[in-house]
Protein chains: 2
Amino acid sequence: MAIRHIALFRWNGEATPEKVDRIRDALARLPGRIPELRAYTFGPDLGISEGTYDFGVAADVDDEAGLEAYRDHPDHQAALALIRPLLADRASVQIAVPDRG
Amino acid sequence: MAIRHIALFRWNGEATPEKVDRIRDALARLPGRIPELRAYTFGPDLGISEGTYDFGVAADVDDEAGLEAYRDHPDHQAALALIRPLLADRASVQIAVPDRG
């Protein structure tokens, strides 16, 4: 049973398009550096619906060890250091994903 | 460019394991009934991390029309009717997903 870690961010007044671009660049590097990431999808909210958060990340890993490897990886920590100062709110969940056949 | 709709729920005091099971059963029927759903992953939080929401849903569709078909489908509306009375909090986002090759 694989695990999908999902994190949603709502930006505060400090967030600028340039800062969010730097976050996207930092996240885009992670799949190449963290082999435990089986799938990695992230990006800004598409602006289709009202009341949504501003940014979402979905990280699929094989198991809890993979989740830990992702969480603690220095490149992920570096991305979090860019994200944290811009956070007004954060929501997260970890759910089971059927294994890919 | 496909779309991933993500919704996180935090339950209120009305939620019981039986009610949440009914919600899981209702959601489990949706992929068979809503052809626009390309992938559908949902379930309770796995209890690995602190501060997470209680339940997550990730719905992948091809485009905005697919998202609308999912949102408005009577079987999805019926599931929402089970979910809404149990909600203490809800967080959602819609992000772009690279098309499956």
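Keep in mind that what you see is a predicted model, and the values were worked out from it rather than measured.

*Asks:* Please provide a residue-by-residue account of the overall build of chain A, values included.
*Replies:* In terms of regular secondary structure, chain A is built from 4 helices and 4 strands. Mapped from its N terminus to its C terminus, chain A presents α and β elements in the order β-α-α-β-β-α-α-β. The C-alpha atoms of chain A give 14 Å as radius of gyration, which agrees with the globular expectation for 101 residues (13 Å, within 12%). Taken over the C-alpha atoms alone, chain A extends approximately 40 × 30 × 20 Å along its principal axes. Counting over 101 residues, chain A shows a buried share of 45%. In chain A, the proportion of contacts linking residues at least 24 apart, taken out of those at least 6 apart, comes to 74%.

*Asks:* Describe the interface of chain A and chain B, naming the residues involved and giving the relevant values.
*Replies:* With 28 residues of chain A at the contact, the number on the chain B side is 28 residues. Taken together, both faces of the contact between chain A and chain B bury some 2300 Å²; the carbon and sulfur share is 64%. Across the contact surface, chain A and chain B share 8 residue pairs in polar contact (both at pLDDT 80 or more). Of all the elements in the fold, those that place two or more residues in the side of chain A that touches chain B are strand 1 (2-11), strand 2 (39-44), strand 3 (55-61), helix 3 (64-72) and strand 4 (87-97) of chain A. Sorting elements by how many residues they give to the side of chain A that touches chain B places strand 4 of chain A first, with 7 residues. Here the residues of the side of chain A that touches chain B are counted per class, giving 18 nonpolar, 7 polar and 3 charged.

*Asks:* Summarise the sheet that holds strand 4 (residues 87-97) of chain B; cite the residues concerned and give the values.
*Replies:* Residues and elements named next belong to chain B. Here 4 strands make up an open sheet; going across it, the order is 2-3-1-4 and the pairing antiparallel. Two strands in the sheet have a free side with no partner beyond their single neighbour: strand 2 (39-44) and strand 4. Ignoring which end each strand starts from, the neighbouring axes of this sheet average 10° apart. Together, strand 1 (2-11), strand 2, strand 3 (55-61) and strand 4 form the strand contacts of helix 2 (residues 64-72), whose direction differs from that of strand 3 by roughly 135°.

*Asks:* Outline the UniProt feature "domain: Stress-response A/B barrel" (unreviewed entry) in chain A, supporting the account with residue identities and numerical values.
*Replies:* When the UniProt feature table is mapped to this numbering, "domain: Stress-response A/B barrel" (unreviewed entry) covers residues 3-95 of chain A. Annotated as residues 3-95 of chain A, this span is 38% helix and 33% strand, and its ends, taken at the C-alpha atoms, are 6 Å apart.

*Asks:* How would you sum up the relation of the copies chain A and chain B? Please name residues and give values.
*Replies:* If you rotate chain A by 180° and push it 0.0 Å along the axis, it lands on chain B with an RMSD of 0.0 Å. The superposition of one copy onto the other is thereby described by a two-fold rotation axis. Relative to the rotation axis, the C-alpha of Ala91 of chain A is the closest in chain A, positioned 3.4 Å from it. With an isologous cut-off of 70% or more, the 100% of interface residues of chain A that recur at the interface of chain B puts this contact in the isologous class.

*Asks:* Which residues make up the packing of aromatic side chains, and what are the values?
*Replies:* Considering all chains together, one arrives at 10 aromatic pairs over all chains under this definition. Between Trp11 of chain B and Phe55 of chain B, the aromatic rings sit 5.7 Å apart at their centres with planes inclined by 55°, giving tilted as the arrangement. Of this pair, Trp11 of chain B sits in strand 1 while Phe55 of chain B sits in strand 3; the two residues are 44 residues apart in sequence, bridging distant segments of the chain. According to the relative accessible area criterion, Trp11 of chain B is buried, its value standing at 15%. Of the residues examined, Phe55 of chain B reaches a relative accessible area of 0% and is grouped as buried. Three or more aromatic residues link up through ring pairs in this structure, and these residues are Phe9, Trp11 and Phe55 of chain A. Taking the ring centre of Tyr53 of chain A as reference, the NZ or CZ of Arg10 of chain A above it sits at 4.2 Å.

*Asks:* Go over helix 4 (residues 74-83) of chain A with me, naming the residues and quoting the values.
*Replies:* Residues and elements named next belong to chain A. When helix 4 is considered as a whole, its buried residues turn out to be His76, Ala79, Leu80 and Ile83. Down the axis, helix 4 shows its buried residues gathered within 100° of arc, on one side only. Its buried side turned inward, helix 4 meets strand 1, helix 1 (17-28), helix 2 (30-33), helix 3 and strand 4.

Rules of the game
Residues numbered from 1 in each chain as written. Chains lettered and ligands numbered in written order. Predicted model: local features only at pLDDT ≥ 70, side-chain atom pairs only at ≥ 80, totals over all residues. Heavy atoms only, no water. Helix = DSSP H or I, 4+ residues; strand = E, 2+ residues; numbered from the N terminus. Rg over C-alpha atoms; globule rule 2.2 N^0.38 Å. Buried < 20%, exposed > 50% of the residue type's maximum accessible area, 1.4 Å probe, protein only. Contact = heavy atoms within 4.5 Å. Buried area = accessible area lost by both parts, 1.4 Å probe. Polar contact = N/O pair within 3.5 Å; in protein donor to acceptor, adjacent residues only side chain to side chain. Nonpolar A, V, L, I, M, F, W, Y, C, P; charged D, E, K, R; others polar. Pairing = 2+ DSSP bridges. Axes fitted to C-alpha atoms, helices over the stretch in contact; angles between N-to-C directions. UniProt positions renumbered as here; feature names shortened; annotations may be inferred. Least-squares fit on C-alpha atoms with pLDDT ≥ 70 in both. Phe/Tyr/Trp six-rings, centres within 6.5 Å; stacked < 30°, edge-to-face > 60°. Lys NZ or Arg CZ within 6 Å of the ring centre and 35° of its normal. Arc of directions from axis to C-beta.

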